[in-house]
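Tertiary structure, described
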Amino acid sequence: MRNSNSFDFLKAYNMDRRIFTKACISCLGLALLSPMVTSCQSTHYTTGMIEDNGITVLKSEFTYLKKDQPMTRAYIIVRNENLEFPIYLYRFSDNEYSALLMKCTHQGNELSAAGDHLHCSAHGSEFNNKGAVAQGPAEKNLRTFNVTTEGDKLLIDLRS
Ligand code: FES
């Protein structure tokens, strides 16, 4: 037969076990989320340089070093005070890029970049890396800008 002291001990033991289990689950969750956090941190922003007809970005903005090895980013984001919305600049190859205005065509919310697509947190629309609607409610594709390459520079034509 248990006395009240042994019940207290069991309650404390069960409480410790629950706290321990919760701590383990939290640690596991953090471990699983850490690659996502890392990928969020890897989003690269640049202001670019405003020119007469658009904005210039250096190709080198796409490169970075990982363990001393040169790596290439799939996309960067151009955020400049002269732009109403940022521009998602996606690299298909050294000479092929897409530049998309990060403004949702449904109701004008700013989009977020998620790898090779853009997501709208307002109502869930998604667009691919060429600006085409991948999921509604948006029905119109994103505004795109012509991108030309000139040596080590990219010119995003804001008139297009
Ligand atoms: S504003 Fe983007 S889905 Fe509605």
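Above this text is the structure in question.
Notes on the structure in this doc start here.

Conventions adopted
Residues numbered from 1 in each chain as written. Predicted model: local features only at pLDDT ≥ 70, side-chain atom pairs only at ≥ 80, totals over all residues. Helix = DSSP H or I, 4+ residues; strand = E, 2+ residues; numbered from the N terminus. Buried ≥ 20, exposed ≤ 12 C-beta atoms within 10 Å, placed from the backbone. Contact = placed C-beta atoms within 7 Å. Pairing = 2+ DSSP bridges.

1. Comments concerning the overall build of the chain
- Across its full length, the chain carries one helix and 14 strands.
- Split into buried and exposed, the 160 residues of the chain put 22% on the buried side.
- Of the contacts made within the chain by residues no fewer than 6 positions apart, 40% connect residues no fewer than 24 positions apart.

2. Describing the environment of Thr149
- Along the chain, Thr149 falls in strand S13 (residues 144-150).
- Measuring from C-alpha to C-alpha, the distance between Thr149 and Asn95 comes to 6.4 Å, with 54 residues separating the pair along the chain.

3. Let's talk about the sheet that holds strand S6 (residues 75-78)
- In space, the eight strands of this open sheet follow the order S1-S6-S7-S8-S13-S14-S3-S2, with mixed pairing throughout. In the strand order of this sheet, the two ends are held by strand S1 (45-46) and strand S2 (49-50), each with one partner.

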